[in-house]
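Spelled out, the chains give:
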Amino acid sequence: MNKAETEFPVESGSTFFKGIFIGGLLGAAAALLFAPKPGREMRSDLSDKITLATDKTKEVAGVVTDKTKYIATTVGEKATDLASTVSAKASDILTTVSDSKQQIAATLQETGKKIGDTVYEASGDIASDVKDASADVAEEATNSSKEVADDAKDAKEEVKASYKSSY
């Protein structure tokens, strides 16, 4: 809107018709004052012109009313179509989101199960490895303790032999 429309908004169609009526009266008064014809002829001509202006005003008002009704009907239909399109699209989006959510949940559940199976298998492998390592450590500890015992026995024998040879 321009500045004039913002400062002086048209309130309704009645303002337009008031302007036409006032303009018509001013024109009629000017015609009477500056008319070169006698009063009766002038009044007759003026009456004819006013009738013609009134008829044209009624015709324009009818056309404006018809156009307004048509535009209102068209806007209403378009709004209804738009609302149903938006509703359908929203429903499609909701369905898509719901389906995606279910697919994601199923994928997560399947992945969780696979991870659980993998952890179970890995823990079995680790338990077996720990058991084998424990057996190896136990065997080595046994072997080492035998060697230590043999070394201690030999050392004892050497200490005895050296003690006997000293006395």
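Because the structure is a prediction, the values reported are computed rather than measured.

With respect to the helices and strands, the residue I20 is situated in helix α2 (residues 13-34). A C-alpha to C-alpha distance of 9.1 Å links I20 and A53, two positions 33 residues apart in sequence.

Following the criterion strictly, the structure yields one salt bridge and no others. E110 is the salt-bridge partner of K114, the closest N and O atoms lying 3.3 Å from each other. Remark: E110 and K114 occur in helix α3 (residues 39-166); sequence separation between them is four residues, near one turn of the helix.

Let us now look at a nonpolar patch on the surface. Nonpolar side chains collect at one region of the surface, where F16, I20, V60 and V64 lie side by side and expose about 330 Å² of accessible area between them. Only α2 and α3 provide two or more residues apiece to the nonpolar patch. With respect to the helices and strands, the residue F16 is situated in helix α2. F16 gets classed as partly exposed once you look at its relative accessible area, which sits at 49%.

What counts and what doesn't
- Per chain, residue numbering runs from 1 following the sequence as it is written.
- Selection of residues for local features in this predicted model requires a pLDDT of at least 70, selection of side-chain atom pairs for listing and counting requires 80 or more, and totals for whole chains, interfaces and linings are taken over all residues.
- To get the side-chain values, all heavy atoms of the structure are used, and hydrogens and water are removed first.
- The helix count covers DSSP runs of H or I at least four residues long, the strand count covers runs of E at least two residues long, and both are numbered beginning at the N terminus.
- By salt bridge we mean one thing: a side-chain nitrogen of Lys or Arg within 4 Å of a carboxyl oxygen of Asp or Glu.
- Within the patch definition used here, like charges are joined within 9 Å and nonpolar side chains (Val, Leu, Ile, Met, Phe, Trp, Tyr) within 5 Å, considering only residues with over 30% relative accessible area and no salt bridge.
- We get accessible surface area from the Shrake-Rupley algorithm with a probe of 1.4 Å; when it comes to residues, only the shown protein chains can shield them.
- Each residue is assigned to one of three classes by its accessible area relative to the maximum for its type, calculated with a 1.4 Å probe on protein chains only: buried under 20%, partly exposed between the two thresholds, exposed over 50%.

Everything listed here is a matter of geometry and, on its own, says nothing about what the molecule does.
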